[in-house]
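Here's the letter readout for the chains.
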Amino acid sequence: MAIVEVVKFDGPADVFAWKYPNQELGTWTQLIVNETQEAILFKGGKALDLFGAGRHTLSTQNIPGLQAIVNLPFGGRSPFTAEVWYVNKISSLDVKWGTATPLQLQDPKYQIIASVRSFGQFGLQIEDTRKFLLKLIGTIPVFDKDAMTRHFRGVLMMNIHELISSYLIFKKISILEINAYISEISKHIEERIAPVFLEYGIRILNFFIDSINIPDDDPATVRLKEALSKKAEMDILGYTYQQERTFDTLEGAARNEGSGSANVMGAGIGLGMGFGIGGAVGNQMSGLTNQMNIAPVAPADNKACPKCQSTNRQDAQFCASCGYSYVAAATAPQATEVQCNSCGQTFPKGAKFCLHCGDPNNACSKCGADNAQDAVSCAKCGHTIGGNPCHNCGESVDPAGKFCMNCGTSMSLKCGQCQHEIKPGQKFCLECGNKLIE
């Protein structure tokens, strides 16, 4: 043993803790600690004192408790057995991590099972040297970056798997879109694991996720990417998957020379190409398909719809285009007589008097119903009867009305001499006496 022993550590930066190999020390031993280090002296498994940066001489003056456990029968330089541990407190920002096996998850958007993997890195720094050595190191002589990753892999993977799964499942985010949430997931993982590391005297500086991805050779992913690529192509061209399948089917039928409908189908496809691949192709092909599926009928057996003029079969009860009911039209009663409002008997619609009681026929101009002579509105349909005739369209207007309900013309007239308002029926202006032209 040297007279004055020098103890120091100049190891690599990725070593977090290192034990000085020689345990036979003397009370004049020189302990050198660098700026980014701290040293701690152990005797009998107990931590005696912590030394910061600088040169320290091991003696009873600066090592509390050393005098109690070290006898001094050697004239001032007493040898003793002790352990010196160096702890590297430099910030290490390149501790890498990654999922050992892909995580099997179901995409909430596309409902496929995919293998998800992730990797990244984080930084750490030893904050409490005494707690770090007492809780984590044990009896191993060196604790480096690899040992750190092995010790905390379980904590890392548990939180990474849980948060990635929760973002996919509970927040309904697709696997293909999760990279947009990397920063948010990284922050949540750092907040989750920071207290766990702090229990061992370690402070997490930064936690990063470099990527969350799916293996390129995953079959489900390959099919999904192909489908999305096809969908993007359809969106650009302006047609749907159903239209594409219909087009492929009809094109195959047109190419089949043994089919009786080949000529019709070929002509339809040629016509459809002129309109472009889109809604026009779907409409043209749908019409051709309907013509092929419906049994051919002679034109003489068809009948036209009176509402939309579409051609329907002779035995059709409803129009195939607009739903017009042939049955309702055939059974609808044709009103040829009206009921007298005085005696209740019926008489021909165009008669001027009731054939039974002689009461004049005050017919409604809208529905033709007979009404009393002094009736203002029709008892059947509510249409205005009598009143003042509109000077524009001749429609009867309620005496209290200011505008014609038929054409909207104002019922107020003005005198040509004094411009005073004149009511319908007046023959002289009440203001100037001017005679109105009839």
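Just so it is clear, the structure is predicted and the values come from calculations on it, not from any experiment. (Residues numbered from 1 in each chain as written. Predicted model: local features only at pLDDT ≥ 70, side-chain atom pairs only at ≥ 80, totals over all residues. Heavy atoms only, no water.)

Right, let's talk about the sheet that holds strand 2 (residues 15-19) for a bit. Read across the sheet, five strands follow the order 6-5-9-2-13 without closing on themselves; strand pairing throughout is antiparallel. Of all strands in the sheet, those bounded by a partner on one side alone are strand 6 (46-51) and strand 13 (142-144). This sheet shows a mean twist of 15° between the axes of neighbouring strands, independent of strand direction. Note: strand 2 against strand 9 (residues 83-88), three bridges, orientation antiparallel. By the bridge assignment for strand 9, K19 is matched with W85. Against the sheet, helix 3 (residues 145-169) makes contact with strand 2 and strand 13, and its axis sits at roughly 75° relative to strand 13, the strand it touches most. (Pairing = 2+ DSSP bridges. Helix = DSSP H or I, 4+ residues; strand = E, 2+ residues; numbered from the N terminus. Axes fitted to C-alpha atoms, helices over the stretch in contact; angles between N-to-C directions. Contact = heavy atoms within 4.5 Å.)

Glancing now at the pattern of salt bridges. On inspection of all chains with the given rule, the structure shows eight salt bridges. Its salt-bridge partner being E177, residue K109 comes within 3.2 Å of it at the nearest N-O pair. Placement of K109 in the loop between strand 11 (103-106) and strand 12 (113-126) and of E177 in the loop between helix 3 and helix 4 (182-198) is noted, with a sequence separation of 68 residues between them. Accessibility expressed as a relative area gives 48% for K109, which makes it partly exposed. (Salt bridge = Lys/Arg side-chain N within 4 Å of Asp/Glu carboxyl O. Buried < 20%, exposed > 50% of the residue type's maximum accessible area, 1.4 Å probe, protein only.)

A few words now on the environment of I202. Mapped onto the elements of the fold, I202 is located in strand 14 (residues 202-213). The buried category is assigned to I202, whose relative accessible area is 0%. Distance from I202 to K131, taken between C-alpha atoms, is 9.0 Å for residues 71 residues apart in sequence. Not counting chain neighbours up to four residues away, the residues in contact with I202 comprise L124, Q125, I126, E127, F132, L136, M148, F152 and F197.

Spatial strand order, 1-4-7: three strands in an open sheet with mixed pairing. Each edge of the open sheet is held by one strand with a lone partner, namely strand 1 (6-7) and strand 7 (54-57). Sheet analysis places strand 4 (residues 30-33) next to strand 7, joined by four bridges and oriented antiparallel. Pairing of Q30 across the sheet is with T57, part of strand 7.

This part covers the confidence of the model for the chain. For the chain, per-residue confidence averages 75 on the pLDDT scale, and residues scoring 70 or more make up 72% of the total. The secondary structure element of the chain with the lowest average pLDDT is helix 7 (residues 262-275), at 47, and the one with the highest is helix 4, at 90. Across residues 67-77, confidence stays below pLDDT 50; counting only partners more than four residues off in sequence or on other chains, it has 18 contacts. Here residues 291-298 scores under 50 on pLDDT; set against residues more than four positions off or in separate chains, the count is three contacts. (pLDDT = per-residue confidence, 0-100.)

Right, let's get into the packing of helix 3 against helix 4. The interhelical angle for the contact between helix 3 and helix 4, taken along N-to-C directions, is 145°, at an axis separation of 10 Å. Crossing hand, helix 3 versus helix 4: right-handed. Packed against helix 3, whose contacting residues are F152, V155, L156, N159, I160, E162, L163 and Y167, the element helix 4 presents E184, I185, H188, I189, R192, I193, V196 and F197 at the interface. For the contact of helix 3 with helix 4, the residue count by class is eleven nonpolar, two polar and three charged. (Left-handed = near helix turned anticlockwise from the far one by under 90°. Nonpolar A, V, L, I, M, F, W, Y, C, P; charged D, E, K, R; others polar.)

If you check helix 4, its first and last C-alpha atoms are 24 Å apart, about what 17 residues at 1.5 Å a residue would give, namely 24 Å. Along helix 4, the sharpest kink reaches roughly 30°, centred on R192 and followed within four residues by the proline P195. Residues of helix 4 that are buried include every one of I182, I185, S186, I189, I193 and F197, and no others. As for helix 4, its buried residues are in contact with strand 12, helix 3 and strand 14. (Expected span 1.5 Å × (residues − 1). Bend = angle between axes of the 7 residues up to and from the residue.)

All right, on to the packing of aromatic side chains then. The description of an aromatic ring pair uses the distance of the two centres, along with the angle that the planes make with each other. All told, the structure shown has eleven aromatic pairs when counted by the stated rule. Ring geometry for W18 against Y86: centres 5.9 Å apart, planes inclined by 40°, an arrangement best described as tilted. Of the two residues, W18 is situated in strand 2 and Y86 in strand 9; the sequence distance between them amounts to 68 residues. Its relative accessible area of 0% is what places Y86 among the buried residues. An aromatic cluster is present here, built from W97, F122, F152, F197, Y200 and F207 joined pairwise through their rings. (Phe/Tyr/Trp six-rings, centres within 6.5 Å; stacked < 30°, edge-to-face > 60°.)

Generally speaking, soluble globular proteins have nonpolar side chains that are buried together. Residues F122, F132, L133, F143, M148, I202 and F207 are the most contacted members of the largest nonpolar core, which totals 44 residues. Ranked by residues supplied to this core, first place goes to helix 3 with ten residues. Both domain 1 (6-88) and domain 2 (91-220) contribute no fewer than three residues apiece to this core. (Core = buried A, V, L, I, M, F, W, Y, C linked by side-chain atoms within 4.5 Å. Domains from an automatic or database assignment.)

One can find Q37 in strand 5 (residues 37-43). A distance of 2.9 Å separates the side chain of Q37 from the backbone oxygen of F9, its partner in a polar contact. Not counting residues within four places of it along the chain, the set of residues in contact with Q37 comprises F9, A53, Y86 and V87. (Polar contact = N/O pair within 3.5 Å; in protein donor to acceptor, adjacent residues only side chain to side chain.)

Moving on to the environment of D218. Among the structural elements, D218 can be located in the loop between strand 14 and helix 5 (219-237). When its relative accessible area of 12% is taken as the criterion, D218 is described as buried. Residues in contact with D218, not counting those within four places in the same chain, are I113, A114 and S115.

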